[in-house]
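Chain by chain, the residues:
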Amino acid sequence: MKSSLTLNDISRANGQLTTVEMIELMDLPLDVAKMPWKPLSEEQQNTYCCLLDDLVVLQIPRPKTPVEEEELVNKFLDGMRKLFSEQDNWTFLSMLETSVNYCAQCNSCSEACHLFEVTGGHEMYRPNFRSEIFRRIYKQYVKKEPFAKWRYGDLDLNWKTVARLGELAFRCNLCRRCAQTCPIGVDNGLIAREIRKLFSQELGINPPELHEKGSMLQLRTGSSTAMDSMVVRDNVEFIDEDFADVTGYAFKTPWDVEGADILLVHNAGEIMAWPENIAAFSIIFQAAGLSWTLSSALAAYDGINYGTFYDDVQFARTALLHAQAAKKLGVKKIVLGECGHAHKALTIIADRVLPPELDIPRESCFPLLRDIVMSGKIAFDPSRNNFPVTLHDPCNAVRLMGIVKPQRDIMHHLCPQFREMHPHGVNNYCCGGGSGFAIMSRNNIEIWRNNISGRKKMAQIADAFADCLGPETKKYICAPCSNCKGQIRELIAHNGLLEKNSLHYGGIVELIVNAMVDVNPGYIKWEEE
């Protein structure tokens, strides 16, 4: 089906439009089976607009009547008008206009996209494919430029066009590798995100994991993991006790310290899934003699901001809570823990929404950790990390923010067998769980993540450990981002890569603590132990 897919098919074809055949997927240097697709159920097909491929992320209700079909189109057009209104979209309007008006159709973006590459060049995954649909609708039906259909290409606008474009926006990890590659700065990742935003803010259609189970839950309970502040504090106190016993190092996580230099904001998922990361930050900060605290205020102990992926209103609500908590405590700055999209949310996008009185300095943990490691305040024994280590670069911290060297300074200082993935740094590839996919498992999403979106990252990992693949040598994938760790965990588990290749994963602070002389040896626990 791939070779016959055209832009005009988006509006004219009936039923499911295309698919990706397993035989078309890029081969891997690992013993990884291609997981078969599960067919969409009859109920799903009758309930939702299952019109793009054999995957349904957005769950757009299927119109039952011509009136409902027309309503879907009109709401979409109303939303598009708002995207191009300074009053309604002052946060991203200038970048959106640039990306819509100045694309040269060179398709450099296609070769940069991991999804396009691993599917053998499937048109559905060409970044400019969905952008061109969006562009033609805007020029012809919203801006109504003279001769638009001849200048830019004709495109029929109906409910099928709208539904398929919505789903296409969720065939993107928003890693923005395409934007980095574009010779004139067109950002197809931004366009995909703006389409998502349109569906959420104008039509009320969004993935339940990001909205109801994500940002709405966080705003109600204070945590994206449905834990209130007292439960979080209790859990962290247990973490302190447990890891003080494990490490032989007495430490205590401070809460709500007014006037502290640093408010540290974690991804709350770490508390439940990777408590060793929470403990490691506390050990390092205490050993370095820092003035710091966590906040028990609503949502402020949880750096997750799922609105980053789909909705500006939800984003702003959460970002304001983070800044208000810092303001109330009177801290000098906010430091983000190991969560890539928390970096993007609170250090980049928040600049566009926070009022001056809440413009608290905000920065990444990685330069701070590097300075601690290099300061001489803590004694290290790098031989404790004498196993093969490679580093995954989280897109939102590295490509978006340019934080490349601090992590590598730590790796070179503390990990004798460190080796890079290729490419790396700002040219890295997404883990495959970016833009919220790492927490989605409905329908075929989990299979999609393993077969397609995470495929390039598996190839990079295999290449980095090419000299020691197999179960004999324990290998560590350093992924300093909760979202990325979740995705890599699934890639390892679903493909049996722990047993077959002894692949393990974790963050960067665990490697730091594992090398601390004042800590009992063996802080990093290999999964089979």
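Conventions we followed
Every chain is numbered on its own, with residues counted from 1 as its sequence reads. The predicted nature of this model means local features are confined to residues of pLDDT at least 70 and side-chain atom pairs, given and counted, to a pLDDT of 80 or more, with totals for whole chains, interfaces and linings taken over all residues. For the side-chain quantities, the full set of heavy atoms in the structure was used; hydrogens and water were omitted. Think of it this way: any DSSP run of H or I at least four residues long counts as a helix, any run of E at least two long counts as a strand, and we number them from the N terminus. Note that the domain bounds reflect an automated or database-derived domain assignment. For this analysis, residues touch if any pair of their heavy atoms sits within 4.5 Å. Buried area is calculated as the accessible area (1.4 Å probe) missing from two parts once they are joined, with the contributions of both summed. By definition here, a salt bridge exists when the distance from a side-chain nitrogen of Lys or Arg to a carboxyl oxygen of Asp or Glu is within 4 Å. Buried means the residue's accessible area, taken with a 1.4 Å probe over protein chains only, is under 20% of the maximum for its type, while exposed means over 50%, and partly exposed covers the values in between. Each patch is built from residues that are more than 30% exposed by relative accessible area and take part in no salt bridge. Like charges join if they lie within 9 Å; nonpolar side chains (Val, Leu, Ile, Met, Phe, Trp, Tyr) join within 5 Å. Computed with a 1.4 Å probe, the accessible areas rest on the Shrake-Rupley method; for each residue, only the protein chains presented here act as cover. Working convention for charge: Lys and Arg count positive, Asp and Glu count negative, and His plus the chain ends are omitted. Throughout, a charge is located at the NZ atom of Lys, the CZ atom of Arg, the CG atom of Asp or the CD atom of Glu. In short, DSSP must find at least two bridges between two strands for them to pair. Criterion for a disulfide: a pair of cysteine sulfur atoms at a distance within 2.5 Å. To get an axis, a line is fitted to the C-alpha atoms, and for a helix only the part in contact is used. The angle between two axes follows their N-to-C directions and goes from 0 to 180 degrees. Handedness of a helix crossing follows the sense of rotation of the near helix relative to the far helix, less than a right angle counterclockwise being left-handed and clockwise being right-handed. Three categories are distinguished: nonpolar for Ala, Val, Leu, Ile, Met, Phe, Trp, Tyr, Cys and Pro, charged for Asp, Glu, Lys and Arg, and polar for the others, with Gly belonging to the last. Only rings of Phe, Tyr and Trp enter the pairing, Trp through its six-membered ring, and a pair is recorded when the two centres are within 6.5 Å. The plane angle decides the type: under 30 degrees is stacked, over 60 is edge-to-face, the rest tilted.

A. Spotlight on unusual backbone geometry. The omega torsion of the bond from His422 to Pro423 falls at -10 degrees, within 30 degrees of zero and hence cis. Positive phi is not limited to glycine here, since Gln59 has a value of about 55 degrees. When you line up the elements, Gln59 lands in the loop between helix 2 (42-47) and helix 3 (66-83). With phi around 65 degrees, Arg176 is a residue other than glycine that occupies positive phi space. Looking at the secondary structure, you find Arg176 in the loop between helix 10 (159-168) and helix 11 (177-181).

B. A look at the domain arrangement of the protein chain. On domain assignment, one finds that the protein chain holds domain 1 (9-201), domain 2 (221-369) and domain 3 (380-514). Across the contact, 12 residues belong to domain 1 and 11 residues belong to domain 2. Regarding the contact of domain 1 and domain 2, the summed buried area is about 960 Å², with carbon and sulfur atoms giving 47% of it. Its largest share of buried area at the contact with domain 2, domain 1 owes to Thr91, Arg193 and Gln201, together 44% of the area lost on that side. Counting the contacts that link domain 1 with domain 2 gives two salt bridges.

C. Up close: the pattern of salt bridges. Counted according to the given criterion, the structure contains 36 salt bridges. A salt bridge links Arg126 to Glu123; the shortest N-O distance between them is 2.7 Å. Among the residues examined, Arg126 registers a relative accessible area of 18% and is labelled buried. Two residues, Arg419 and Asp467, come together in a salt bridge whose shortest N-O distance is 3.0 Å. Here Asp467 lies in the loop between helix 23 (455-464) and strand 7 (475-478) and Arg419 lies in strand 6 (residues 418-419), a separation of 48 residues in the sequence. If you follow the salt bridges from partner to partner, you end up with Lys139, Lys143, Glu145 and Arg151 in one network.

D. Seen up close, a negative patch on the surface. There is a patch of like negative charges on the surface, built from Asp228, Asp234, Glu237, Glu241, Asp242 and Asp245. Tracing the backbone shows Glu241 in helix 14 (residues 229-247).

E. Structural view of the pairing of strand 1 (residues 262-265). Residues Ile262 and Leu264 of strand 1 are buried on one face, and the alternating residues Leu263 and Val265, pointing to the opposite face, are buried as well. The pairing of strand 1 with strand 2 (residues 292-293) spans two bridges and is parallel. When the sheet's bridge partners are listed, Leu263 is paired in strand 2 with Thr293. Two elements, strand 1 and strand 3 (residues 333-336), share four bridges in a ladder whose sense is parallel. Residue Ile262 lies in a different strand from strand 3, and its bridge partner there is Lys333.

F. Representation of the state of the cysteines within the structure. Here the structure, examined in full by the defined rule, presents zero disulfides. Cys109 takes part in no disulfide bond, and the closest cysteine sulfur to it belongs to Cys178, at a distance of 6.1 Å. Cys415 forms no disulfide, and the closest cysteine sulfur to it belongs to Cys478, at a distance of 7.3 Å.

G. Structural view of the sheet that holds strand 8 (residues 503-506). Across the sheet, four strands lie side by side as 6-5-7-8; this open sheet has parallel pairing. A strand with exactly one partner marks an edge of an open sheet, and here the two such strands are strand 6 and strand 8. Pairing between strand 5 (residues 389-391) and strand 6: two bridges, direction parallel. Within strand 6, the position partnered with Thr390 by the bridge is Arg419. Where helix 21 (residues 405-414) meets the sheet, its contacts fall on strand 5, strand 6 and strand 7, and the angle it forms with strand 5 comes to roughly 175 degrees.

H. Structural view of the environment of Asn385. Among the secondary structure elements, Asn385 is positioned in the loop between helix 19 (365-375) and strand 5. Along the primary structure Asn385 and Thr91 are separated by 294 residues, whereas in three dimensions their C-alpha atoms are 44 Å apart. Once you skip the residues sitting within four places of it in the chain, Asn385 turns out to touch Leu414, Cys415, Pro416, Leu511, Asn514 and Ala515.

I. Examining the pairing of strand 8 more closely. Neither face of strand 8 is open: one carries Leu503 and Tyr505, the other His504 and Gly506, and all of them are buried. As paired strands, strand 7 and strand 8 are joined by four bridges and run parallel to one another. The residue of strand 8 that forms the bridge with Tyr476 is His504.

J. Highlighting the packing of helix 13 (residues 211-221) against helix 17 (residues 312-329). Orientation of helix 13 relative to helix 17, taken along the N-to-C sense of each, is 35 degrees, at an axis distance of 9 Å. In this structure, helix 13 meets helix 17 at a crossing whose hand is left-handed. Packed against helix 13, whose contacting residues are His211, Ser215, Met216, Gln218 and Leu219, the element helix 17 presents Gln314, Arg317, Thr318, Leu321 and His322 at the interface. In terms of residue class, the contact of helix 13 with helix 17 is made up of three nonpolar, six polar and one charged.

K. Up close: the packing of aromatic side chains. Taken as a whole, this structure holds 13 aromatic pairs when the rule is applied. Here Phe387 and Tyr476 contribute two aromatic rings whose centre-to-centre distance is 6.1 Å and whose plane-to-plane angle is 50 degrees, an arrangement assigned as tilted. Pair noted here: Phe387 is in the loop between helix 19 and strand 5 and Tyr476 is in strand 7, with a separation of 89 residues, a long-range link. For Phe387, a relative accessible area of 10% translates into the label buried. Tyr476 gets classed as buried once you look at its relative accessible area, which sits at 2%. Measuring from ring centre to ring centre gives 6.4 Å for Tyr476 and Trp526, while their planes differ by 85 degrees; the resulting arrangement is edge-to-face. Separated by 50 residues along the polypeptide, Tyr476 in strand 7 and Trp526 in the segment after helix 26 (508-514) bring together distant segments of the chain. Pair check on accessibility: Tyr476 and Trp526 agree, each one buried.

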